[in-house]
Amino acid sequence: MSGELKGKKIVLGVTGGISAYKACELSRMIIKEGAQVKVVMTNNAKKFVSSLTFQYLTGNKVADDMYDLEESGISHIQLADENDLIVICPATANFISKYANGIADNLLLNVLLASKSQIILCPAMNVNMYENNLIQDNIKKLIKNGIHIVEPDSGALACGWIGKGRLANLETIMEIIKKKVQNKSLKKENVLITAGATREYMDPVRFISNPSTGVMGYCIAEEFQSKGAKINIVAGYNEVNFDKFDSYKEITTAEEMRNEISKNLNKYSLVIKTAAVGDYRFSTRLDNKVKKSDDVFRVELEKNIDVLKYIGENKKENQIIVGFAAETQNVVENAKKKINSKNLDLIVANDISKKNSGFGQSSNFSFLIDSSGNIDELGLIDKNDLAKKLASKIEKMRQNF
Ligand SMILES: Cc1cc2nc3c(=O)[nH]c(=O)nc-3n(C[C@H](O)[C@H](O)[C@H](O)COP(=O)(O)O)c2cc1C
């Protein structure tokens with residue numbers, strides 16, 4: 001037992017889908033990490049797996065009847081209140097839709113609706129069911145209400161179809177469970193994270209930009225959220241989904257990003273600027289599409305708004321500002337200069353000349369450098385792990401602020 005969930009109480013809700021048998025293994029994995037598991041089943045779930053199996057695996061009676069308080073020995077309100085986390089695995093289309101619409105016609109739905117706990121839901125179903133607009137709308141509704149949806153995997157489904165709908169890998173679900181119940185050491189932080197790429201338009205259809213996909217900002221947002229921080233995102237073009245965070249504003253240009261940030265800058269305790277903001281923009285933006293004519297077409301660029309500098313100049317007391325730098329040479333020296341010129345507390349300097357590092361990659365070759373000159377050479381590091389390092393560095397810095 002490695003014990004990462006030691007002492008935690010987890011309610012595992014099982015609904016009537018073909019992958020209900022995988023919930024047996026999940027219950028064992030959770031127990032192996034030291035948590036206590038109480039299983040709640042829908043009546044239809046029992047058509048797929050016996051409650052006896054869960055009772056034997058978890059050592060606890062399975063709750064399945066709303067009204068039979070004597071048999072289960074626990075009410076739906078107790079189940080809703082006395083836990084660190086509720087996980088629904090698998091979640092059927094039927095269950096998702098009922099829950100998203102506030103229906104409470106079985107024990108598990110009552111538990112969820114009465115609970116203030118963190119909730120993870122793992123959908124699993126036929127691909128056409130999953131892609132059905134009604135189900136997607138209900139899933140979006142749940143995400144908006146703070147429910148963590150573990151996206152299903154794609155592949156061969158039990159029903160014979162191939163596509164998205166297979167229950168997510170149990171290891172992935174376990175990672176999310178662990179994140180949810182880990183310490184909330186950053187719960188006092190109100191964080192602004194900028195992400196993605198800005199676009200500067202020359203005419204209605206042409207622009208200059210960069211290959212940023214927003215993944216780094218997303219990894220940081222997830223890590224800091226799992227440690228209890230409030231997460232606000234201002235992002236340019238990106239290829240991720242920021243909807244689940246506390247606020248999300250999409251912008252196009254550097255100027256729009258600066259304007260959006262300026263609205264609430266004073267309210268943030270921590271600003272992390274992962275966005276790749278264009279250094280230059282067109283001197284004039286044309287209203288109509290430029291026609292192809294001469295062989296050579298000259299444009300003039302002017303210096304763009306420096307968003308990071310703006311944030312640094314307007315830094316308030318106790319605010320921590322973290323910048324990112326993408327460099328191809330003199331990485332550490334250039335990053336150190338940037339700390340001073342932009343009034344930063346910390347910088348993540350990425351050597352994008354290294355293989356598998358930078359835009360569109362899942363890793364970075366990074367150095368963490370603080371304003372006192374301390375350098376952590378992290379080397380090639382997965383963006384999720386980089387987010388973890390950044391979170392623990394901020395925790396330490398906060399102690400001295
Ligand atoms: C063999 C079989 C497999 C099923 N698998 C799934 C499934 O994987 N996902 C799903 O959403 N529904 C599945 N269903 C349909 C559900 O059992 C049905 O919608 C039921 O009402 C769900 O009840 P519950 O949400 O109260 O547990 C399956 C039905 C059968 C007969």
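Rules behind the numbers
- Just so you know, the residues in each chain are numbered from 1, in the order the chain's sequence is written.
- Local features in a predicted model are, by the rule used here, given only for residues with pLDDT of at least 70; side-chain atom pairs are given and counted only at 80 or more, and totals for whole chains, interfaces and linings are based on all residues.
- In this entry, near means the residue's backbone-placed C-beta atom lies within 6 Å of the molecule or strand.
- Secondary structure counts use DSSP, requiring at least four H or I residues in a row for a helix and at least two E residues in a row for a strand, with both numbered from the N terminus.
- Here an axis means a line fitted to C-alpha atoms, over the contact stretch when the element is a helix, while the angle between two N-to-C directions is reported on a 0 to 180 degree scale.
- Any angle that falls under 35 degrees is termed roughly parallel, while one over 145 is termed roughly antiparallel, one within 65 to 115 roughly perpendicular, and all others oblique.
- Helix crossings are classified by the rotation of the near helix relative to the far one: an anticlockwise turn of less than a right angle makes the crossing left-handed, while a clockwise turn makes it right-handed.
- The contact criterion used here is simple: two residues whose C-beta atoms, placed from the backbone, lie within 7 Å are in contact.
- Charged residues are taken to be Asp, Glu, Lys and Arg, nonpolar residues to be Ala, Val, Leu, Ile, Met, Phe, Trp, Tyr, Cys and Pro, and polar residues to be all remaining types, Gly included.
- Strand pairing requires that DSSP identify at least two bridges connecting the strands.
- Exposure in this text rests on C-beta crowding, where 20 or more other C-beta atoms within 10 Å of a residue's own make it buried, 12 or fewer make it exposed, and counts in between make it partly exposed. The C-beta atoms are placed from the backbone.
- When the strands point away from the viewer, a crossover counts as right-handed if the path from the first strand over the helix to the second runs clockwise.
- When buried Ala, Val, Leu, Ile, Met, Phe, Trp, Tyr and Cys residues are joined through C-beta atoms within 7 Å, the set is termed a nonpolar core.
- Residue count minus one, scaled by 1.5 Å, sets the expected span of a helix.
- When we speak of the arc, we mean the arc of directions from the helix axis to the C-beta atoms.

Asks: What is the right way to read the site of the ligand from this model?
Replies: Taken together, 15 residues form the shell around the ligand, and within it G16, G17, N44, T92 and M125 come nearest. Among the elements that line the shell around the ligand, the one with the most residues is helix α5 (residues 93-100), at three residues.

Asks: So what exactly am I meant to see when it comes to the packing of helix α10 (residues 215-226) against helix α14 (residues 383-400) here?
Replies: Between two packed helices, both the angle of their axes relative to each other and the distance between the axes serve to describe the pair. With their axes 8 Å apart at the nearest point, α10 and α14 run at an angle of 50° to one another. Considered as vectors, α10 and α14 are oriented oblique to each other. For the crossing formed where α10 meets α14, the hand is right-handed. Between α10 and α14, the contacting residues are V215, M216, C219, I220, E223 and F224 on the first element and K383, N384, A387, K388, L390 and A391 on the second. Residue classes in the contact of α10 with α14 are distributed as eight nonpolar, one polar and three charged.

Asks: Looking at this model, I keep getting lost on the sheet that holds strand β1 (residues 9-14). Mind explaining?
Replies: Across a sheet, paired strands are connected by hydrogen bonds in the backbone, their directions being either parallel or antiparallel. Spatial ordering of the open sheet is given by β2-β1-β3-β4-β5, a layout of five strands whose pairing is parallel. Looking at strand neighbours, the two that pair on one side only are β2 (36-41) and β5 (148-149), the edges of this open sheet. One ladder, built from four bridges, connects strand β3 (residues 85-91) with strand β4 (residues 119-123); its direction is parallel. Note that in β4 the partner of I88 across the bridge is L121. In the packing of helix α6 (residues 107-114) onto the sheet, contacts are made with β1, β2, β3 and β4, and the angle to β2 comes to roughly 125°.

Asks: Where do I start with the pairing of strand β17 (residues 346-351) in this structure?
Replies: Along any regular strand, the residues point their side chains to alternate faces of the sheet. For β17, a buried count of six out of six residues is recorded, marking the element as mostly surrounded by other parts of the structure. Going residue by residue along β17, you find L346, V348 and N350 tucked away on one face and I347, A349 and D351 tucked away on the opposite face as well. On the question of chirality, the crossover connecting strand β16 (residues 320-327) to the parallel β17 by way of helix α13 (residues 331-341) is right-handed. Here five bridges tie β17 to strand β18 (residues 363-370), and the two strands are oriented antiparallel to one another. Bridge assignment links N350 to a residue of β18, and that residue is S366.

Asks: When you look at unusual backbone geometry in this model, what are you seeing that I'm missing?
Replies: For residues other than glycine, phi is negative in most cases, and the peptide bonds are mostly trans. P90 follows C89 through a cis peptide bond whose omega is -5°. Topologically, P90 is positioned in strand β3. Positive phi is not limited to glycine here, since N343 has a value of about 60°. Topologically, N343 is positioned in the loop between α13 and β17.

Asks: Explain the packing of helix α1 (residues 20-32) against helix α2 (residues 51-58) here, please?
Replies: At a closest axis distance of 10 Å, the pairing of α1 and α2 adopts a crossing angle of 15°. By the angle between their directions, the pair α1 and α2 is classed as roughly parallel. Where α1 crosses over α2, the two elements pack in a sense that is right-handed. Touching C24, S27, R28 and I31 of α1 are T53, F54, L57 and T58, all from α2. For the contact of α1 with α2, the class distribution of residues is four nonpolar, three polar and one charged.

Asks: Explain α6 here, please?
Replies: Working note: α-helix, 3.6 residues per turn, so residues spaced by three or four point in the same direction. Within the span of α6, buried status applies to L107, L108, L109, V111 and L112. Of the surrounding elements, those touching the buried residues of α6 are β1, β2, α4 (76-81), β3, α5 and β4.

Asks: I would appreciate a short explanation of the nonpolar core in the present structure.
Replies: One recurring pattern in soluble globular proteins is that nonpolar side chains are buried together. Within the largest apolar cluster, 54 residues are counted, with the highest numbers of intra-cluster contacts made by V191, I193, I220 and I347. With seven residues, the top contributor of residues to this core is α10. The contacts of I220, once residues within four sequence positions are left out, are I193, I272, T274, A387 and L390. Counting 51 residues, the second-largest nonpolar core is a separate cluster that includes L26, I86, C122 and A168.

Asks: Teacher, can you tell me more about the sheet that holds β18 here?
Replies: Ordered in space as β12-β11-β8-β13-β16-β17-β18-β19, the eight strands form an open sheet in which the pairing is mixed. Only two strands of the sheet have a single partner each, and these edge strands are β12 (247-250) and β19 (375-382). Recorded for the sheet is a direction-independent mean angle of 15° between the axes of neighbouring strands. Where α10 meets the sheet, it contacts β8 (190-195), β11 (230-235) and β13 (270-273), and its direction lies at approximately 165° from that of β8.

Asks: Got a minute to help me understand the environment of F245 in this structure?
Replies: With respect to the helices and strands, F245 occurs in the loop between β11 and β12. A C-alpha to C-alpha distance of 21 Å links F245 and M174, two positions 71 residues apart in sequence.

Asks: Sorry if this is basic, but what is going on with α14 here?
Replies: Given a rise of 1.5 Å per residue, 18 residues ought to cover 26 Å, and the 26 Å separating the end C-alpha atoms of α14 matches this to within 8%. Taken residue by residue, α14 has L386, A387, L390 and I394 as its buried positions. End-on view of α14: buried residues confined to an arc of 100°, all on one side of the axis. Facing away from the buried side of α14, by more than 90 degrees, are the exposed residues S392, K396 and Q399. In this fold, the buried residues of α14 make contact with α10, β13, β16, β17, β18 and β19.

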